[in-house]
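Now for the letters of each chain:
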Amino acid sequence: TAGITQAPTSQILAAGRSMTLRCTQDMRHNAMYWYRQDLGLGLRLIHYSNTAGTTGKGEVPDGYSVSRANTDDFPLTLASAVPSQTSVYFCASSDSITGGQFFGPGTRLTVL
Amino acid sequence: AQKVTQAQTEISVVEKEDVTLDCVYETRDTTYYLFWYKQPPSGELVFLIRRNSFDEQNEISGRYSWNFQKSTSSFNFTITASQVVDSAVYFCALRGIFGKGTRLHILP
């Protein structure tokens, strides 16, 4: 079982360009999440989805958008990247909104 | 607003010592769930435990134990007889609200 996969593993992006980080889970979990991890700041929630077709904003949603067209996929889009979006991005899923979260391996994004 | 505080930024102990990681939370919800996660040096994040607010019974899993006290809004994590493999960053969380983590070094 793959669990959660994220792509790409890493990326260098020019400021102003757009990019979509991909996240796919095969556990049929209802809830999915996107976090960014920055040194000294821990994990901060960007967006979440409690179930397919719904999304919500987390602590740091500005500059990011998400969609949840089906259960398995939860892409994160940066419409116009800025250097402050340089971070490691983790996708996670849980069977319910109260369940423990299972994380993907992360995407390291550098915006220059 | 919800908040999770892990006051210990970094802890170092010698192997086989016991160590407790502190977690204090704030929430106005009457029903809530608390979590601990481990991030070893390899970088992946691993779910360790979930505790709901109805159940204040302590949980033990091998060398790991968790102490949940609603009266002090704390959910502390103890590792007994620590091992080098326990070296990691540990995060306490209220669903999507994470503390900043405690980096634990177990010295051989």
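Residues numbered from 1 in each chain as written. Chains lettered and ligands numbered in written order. Predicted model: local features only at pLDDT ≥ 70, side-chain atom pairs only at ≥ 80, totals over all residues. Heavy atoms only, no water.

Student: So what exactly am I meant to see when it comes to the packing of aromatic side chains here?
Tutor: Here a ring pair, both rings aromatic, is described through the centre-centre distance and the interplanar angle of the planes. With the rule as written, the count across this model stands at 21 aromatic pairs over all chains. With a centroid separation of 5.1 Å and 75° between ring planes, the pair formed by Y35 of chain A and F98 of chain B is classed as edge-to-face. Note that Y35 of chain A is positioned in strand β4 (residues 31-38) and F98 of chain B in strand β11 (residues 97-98), a pairing that runs across two chains. A network of ring pairs unites the aromatic residues Y33, Y35, F90, F102 and F103 of chain A together with F35, Y37, F47, F91 and F98 of chain B as a single cluster. Looking at R95 of chain B, its charged tip hangs above the ring of Y48 of chain A, at a distance of 5.4 Å from the centre. (Phe/Tyr/Trp six-rings, centres within 6.5 Å; stacked < 30°, edge-to-face > 60°. Helix = DSSP H or I, 4+ residues; strand = E, 2+ residues; numbered from the N terminus. Lys NZ or Arg CZ within 6 Å of the ring centre and 35° of its normal.)

Student: Before we go on, may I ask you to explain the state of the cysteines in this structure?
Tutor: Think of a disulfide as a covalent bridge from one cysteine sulfur atom to another cysteine sulfur atom. Throughout the structure, instances matching the rule amount to two disulfides over all chains. Linked covalently through their sulfurs, C23 of chain A and C91 of chain A form a disulfide whose S-S length is 1.9 Å. Measuring the twist about the S-S bond at about -70°, one finds the C23 of chain A-C91 of chain A disulfide to be left-handed. Here C23 of chain A is found in strand β3 (residues 19-25), whereas its partner C91 of chain A is found in strand β9 (residues 87-94), with 68 residues between them in sequence. You'll find C23 of chain A and C91 of chain A in the same group, each marked buried. Linked covalently through their sulfurs, C23 of chain B and C92 of chain B form a disulfide whose S-S length is 1.9 Å. Taking the torsion about the S-S bond as the criterion, the C23 of chain B to C92 of chain B disulfide, at about -65°, is left-handed. Remark: C92 of chain B occurs in strand β10 (residues 88-94) and C23 of chain B occurs in the loop between β3 (19-21) and β4 (24-26); sequence separation between them is 69 residues. Using a relative accessible area of 0% as the deciding quantity, one classes C92 of chain B as buried. (Disulfide = S-S within 2.5 Å. Buried < 20%, exposed > 50% of the residue type's maximum accessible area, 1.4 Å probe, protein only.)

Student: How should I be thinking about the layout of surface pockets in this particular structure?
Tutor: In this approach a probe as big as a water molecule rolls over the atoms, and the regions it shows empty are the leftover space. Empty space within the largest pocket amounts to approximately 670 Å³. Of the residues belonging to the lining of the largest pocket, the class tally is ten nonpolar, 13 polar and five charged. (1 Å grid on protein atoms, 1.4 Å probe; cavity = no way out; pocket = protein on both sides within 12 Å on 5 of 7 lines; lining within 4 Å. Points joined across faces, edges and corners; volume = space filled by probe spheres on them. Nonpolar A, V, L, I, M, F, W, Y, C, P; charged D, E, K, R; others polar.)

Student: Looking at this structure, how should I read the interface of chain A and chain B?
Tutor: Many authors give the size of an interface as the accessible area that is lost as the parts come together. Facing 19 residues of chain A, the contacting portion of chain B comprises 14 residues. Taken together, both faces of the contact between chain A and chain B bury some 1,400 Å²; the carbon and sulfur share is 58%. Of all residues in chain A, L43, T98 and F103 of chain A give up the largest surface area on contact with chain B, accounting jointly for 33% of the area buried on that side. On the surface where chain A and chain B come into contact, there are seven residue pairs in polar contact (both at pLDDT 80 or more). (Contact = heavy atoms within 4.5 Å. Buried area = accessible area lost by both parts, 1.4 Å probe. Polar contact = N/O pair within 3.5 Å; in protein donor to acceptor, adjacent residues only side chain to side chain.)

Student: Explanation requested: the pairing of strand β8 (residues 64-69) of chain B in the structure shown.
Tutor: The side chains of a regular strand alternate, first on one face of the sheet and then on the other. Residues and elements named next belong to chain B. Bridge count between strand β7 (residues 59-61) and β8: three bridges; the pairing is antiparallel. Opposite I60, over in β8, you have S65 as the bridge partner. The hairpin turn running from β7 into β8, its antiparallel successor, is two residues long, and G62 in that turn takes a positive phi close to 65°. Bridge count for β8 against strand β9 (residues 74-79) is six bridges, and the pairing is antiparallel. Counterpart to S65 in the pairing with β9 is T78. Where β8 hands over to β9, the hairpin turn is made up of four residues, of which S73 adopts a positive phi near 50°. (Pairing = 2+ DSSP bridges.)

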